[in-house]
Amino acid sequence: MAIATLRRFPLLMVLLGTLLGATQAAAEQIVQVGDYEIHYNAIETRFLTPEVAQANSIQRSIGHGLVNVSVRERQPDGTTRPVNASVGGYVSDLTDTREPLSFRTVHDGDATYHLATFTLRHDEPMRFNLDVRYDRNENPEPVSFIQRFYIER
(Lines give C-alpha, C1' and ligand atoms only; values in the text may rest on other atoms or scores of the structure.)
Protein backbone atom coordinates (compact mmCIF):
# COMPACT_ATOMS: atom_id res chain seq x y z
CA MET A 1 0.00 0.00 0.00
CA ALA A 2 2.77 2.45 0.92
CA ILE A 3 4.66 1.64 -2.30
CA ALA A 4 1.56 2.28 -4.41
CA THR A 5 1.07 5.62 -2.65
CA LEU A 6 4.71 6.56 -3.27
CA ARG A 7 4.38 5.70 -6.97
CA ARG A 8 1.31 7.94 -7.30
CA PHE A 9 2.80 10.83 -5.37
CA PRO A 10 5.32 11.79 -8.11
CA LEU A 11 2.53 11.82 -10.73
CA LEU A 12 0.39 14.02 -8.53
CA MET A 13 3.27 16.41 -7.87
CA VAL A 14 4.36 16.59 -11.52
CA LEU A 15 0.86 17.10 -12.86
CA LEU A 16 -0.08 19.63 -10.19
CA GLY A 17 3.19 21.41 -10.75
CA THR A 18 2.53 21.64 -14.45
CA LEU A 19 -0.97 22.93 -13.81
CA LEU A 20 0.26 25.62 -11.48
CA GLY A 21 3.60 26.56 -12.90
CA ALA A 22 4.68 24.96 -16.16
CA THR A 23 7.66 26.73 -17.62
CA GLN A 24 5.74 27.50 -20.79
CA ALA A 25 2.54 28.71 -19.15
CA ALA A 26 2.20 32.28 -17.97
CA ALA A 27 -0.81 31.59 -15.74
CA GLU A 28 -2.99 28.78 -14.50
CA GLN A 29 -5.23 27.56 -17.30
CA ILE A 30 -8.75 27.08 -16.03
CA VAL A 31 -12.31 27.40 -17.30
CA GLN A 32 -15.08 27.84 -14.75
CA VAL A 33 -18.57 26.66 -15.66
CA GLY A 34 -21.04 27.00 -12.81
CA ASP A 35 -19.74 24.86 -9.95
CA TYR A 36 -17.18 23.11 -12.18
CA GLU A 37 -13.53 23.98 -12.75
CA ILE A 38 -11.81 22.59 -15.84
CA HIS A 39 -8.02 22.73 -15.40
CA TYR A 40 -5.89 22.05 -18.47
CA ASN A 41 -2.33 22.26 -19.71
CA ALA A 42 0.10 20.84 -22.25
CA ILE A 43 3.76 20.02 -21.65
CA GLU A 44 6.61 18.21 -23.34
CA THR A 45 6.76 14.60 -22.14
CA ARG A 46 10.51 14.91 -21.53
CA PHE A 47 9.64 17.08 -18.49
CA LEU A 48 8.12 14.02 -16.79
CA THR A 49 10.40 12.03 -14.56
CA PRO A 50 11.26 8.57 -15.93
CA GLU A 51 9.37 6.98 -13.01
CA VAL A 52 6.17 8.94 -13.68
CA ALA A 53 6.35 8.26 -17.41
CA GLN A 54 6.90 4.54 -16.88
CA ALA A 55 4.18 4.22 -14.23
CA ASN A 56 1.68 5.80 -16.62
CA SER A 57 2.90 4.26 -19.90
CA ILE A 58 3.88 7.63 -21.35
CA GLN A 59 6.79 7.84 -23.77
CA ARG A 60 9.30 10.53 -22.74
CA SER A 61 10.54 12.07 -25.94
CA ILE A 62 11.71 15.36 -27.38
CA GLY A 63 9.01 15.10 -30.05
CA HIS A 64 6.01 14.28 -27.88
CA GLY A 65 3.68 16.35 -25.72
CA LEU A 66 1.09 15.56 -23.08
CA VAL A 67 -2.29 17.24 -22.58
CA ASN A 68 -3.63 17.03 -19.03
CA VAL A 69 -7.25 17.85 -18.15
CA SER A 70 -8.68 17.73 -14.65
CA VAL A 71 -12.26 18.59 -13.69
CA ARG A 72 -13.29 19.51 -10.16
CA GLU A 73 -16.70 20.34 -8.71
CA ARG A 74 -16.96 23.05 -6.08
CA GLN A 75 -18.76 21.86 -2.94
CA PRO A 76 -20.99 23.97 -0.63
CA ASP A 77 -18.21 24.09 1.99
CA GLY A 78 -15.78 25.62 -0.54
CA THR A 79 -13.75 22.49 -1.19
CA THR A 80 -13.64 20.74 -4.56
CA ARG A 81 -13.96 17.12 -5.51
CA PRO A 82 -12.67 15.37 -8.66
CA VAL A 83 -15.10 14.62 -11.45
CA ASN A 84 -14.70 11.68 -13.79
CA ALA A 85 -15.25 13.58 -17.03
CA SER A 86 -15.19 12.51 -20.64
CA VAL A 87 -12.64 14.39 -22.74
CA GLY A 88 -12.12 14.35 -26.50
CA GLY A 89 -10.67 16.62 -29.09
CA TYR A 90 -7.78 17.32 -31.42
CA VAL A 91 -4.70 19.47 -31.87
CA SER A 92 -4.04 21.32 -35.13
CA ASP A 93 -1.29 23.40 -36.71
CA LEU A 94 -1.31 26.52 -38.89
CA THR A 95 -2.42 24.56 -41.95
CA ASP A 96 -5.29 23.03 -39.93
CA THR A 97 -3.73 19.57 -40.08
CA ARG A 98 -5.50 17.79 -37.24
CA GLU A 99 -4.21 15.13 -34.90
CA PRO A 100 -6.94 13.46 -32.83
CA LEU A 101 -6.31 13.26 -29.10
CA SER A 102 -7.07 9.94 -27.44
CA PHE A 103 -7.61 10.62 -23.73
CA ARG A 104 -7.33 8.05 -21.00
CA THR A 105 -8.31 8.53 -17.38
CA VAL A 106 -5.87 8.15 -14.49
CA HIS A 107 -7.12 8.01 -10.91
CA ASP A 108 -4.51 9.07 -8.37
CA GLY A 109 -5.79 9.10 -4.81
CA ASP A 110 -8.36 11.90 -4.65
CA ALA A 111 -7.36 13.28 -8.07
CA THR A 112 -8.52 12.29 -11.54
CA TYR A 113 -6.56 13.20 -14.68
CA HIS A 114 -7.46 12.84 -18.34
CA LEU A 115 -4.27 12.45 -20.38
CA ALA A 116 -3.49 12.36 -24.10
CA THR A 117 -0.19 12.48 -25.98
CA PHE A 118 0.47 14.33 -29.24
CA THR A 119 3.28 15.13 -31.67
CA LEU A 120 5.10 18.41 -31.03
CA ARG A 121 5.78 20.95 -33.74
CA HIS A 122 8.79 23.20 -33.14
CA ASP A 123 8.13 26.94 -32.81
CA GLU A 124 4.67 26.69 -34.33
CA PRO A 125 1.40 27.66 -32.66
CA MET A 126 -0.56 24.53 -31.82
CA ARG A 127 -4.30 24.92 -31.35
CA PHE A 128 -5.97 22.53 -28.90
CA ASN A 129 -9.72 22.04 -29.27
CA LEU A 130 -11.25 19.96 -26.51
CA ASP A 131 -14.76 18.88 -25.58
CA VAL A 132 -15.10 18.23 -21.86
CA ARG A 133 -18.26 16.51 -20.66
CA TYR A 134 -18.37 16.86 -16.87
CA ASP A 135 -22.10 16.07 -16.57
CA ARG A 136 -23.71 13.45 -18.81
CA ASN A 137 -26.93 15.47 -18.78
CA GLU A 138 -25.19 18.55 -20.23
CA ASN A 139 -23.55 19.30 -23.55
CA PRO A 140 -19.75 19.10 -23.54
CA GLU A 141 -17.94 22.32 -22.65
CA PRO A 142 -15.60 23.48 -25.43
CA VAL A 143 -12.11 24.36 -24.24
CA SER A 144 -9.63 25.83 -26.73
CA PHE A 145 -6.15 27.15 -26.27
CA ILE A 146 -3.04 27.84 -28.33
CA GLN A 147 0.44 26.94 -27.20
CA ARG A 148 3.86 27.13 -28.82
CA PHE A 149 6.63 24.66 -28.00
CA TYR A 150 10.35 25.13 -28.46
CA ILE A 151 12.09 21.81 -28.86
CA GLU A 152 15.67 21.81 -27.59
CA ARG A 153 17.75 19.31 -29.51
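As the structure is a computational prediction, the values presented were derived from the model and not from experiment.

Across its full length, the chain carries 2 helices and 10 strands. Helices and strands in the chain line up, N terminus first, as α-β-β-α-β-β-β-β-β-β-β-β. Expressed as a percentage of the 153 residues in the chain, the buried residues total 42%. Total accessible area on the chain stands at roughly 8600 Å², and carbon and sulfur atoms take up 49% of it.

A separate point is the sheet that holds strand β10 (residues 141–148). The strands making up a sheet associate through hydrogen bonds between their backbones, and the pairing can be parallel or antiparallel. Taking strand neighbours across the sheet as the criterion, the 4 strands line up as β6-β5-β9-β10 in an open arrangement whose pairing is antiparallel. Of all strands in the sheet, those with a lone pairing partner are β6 (98–101) and β10, marking the two edges. Across this sheet, the average inter-strand angle for adjacent strands is 20 degrees, counted without regard to direction.

Let us look at the environment of A111. Looking at the secondary structure, you find A111 in strand β8 (residues 111–119). Taking C-alpha positions, A111 is 9.4 Å from N84, a pair spaced 27 residues apart along the chain.

Rules used in this analysis
- Residues numbered from 1 in each chain as written.
- Predicted model: local features only at pLDDT ≥ 70, side-chain atom pairs only at ≥ 80, totals over all residues.
- Heavy atoms only, no water.
- Helix = DSSP H or I, 4+ residues; strand = E, 2+ residues; numbered from the N terminus.
- Buried < 20%, exposed > 50% of the residue type's maximum accessible area, 1.4 Å probe, protein only.
- Areas by Shrake-Rupley, 256 points an atom, 1.4 Å probe, with all protein chains shown as cover.
- Pairing = 2+ DSSP bridges.
- Axes fitted to C-alpha atoms, helices over the stretch in contact; angles between N-to-C directions.

Limitation: the analysis is restricted to geometry and does not speak to function.
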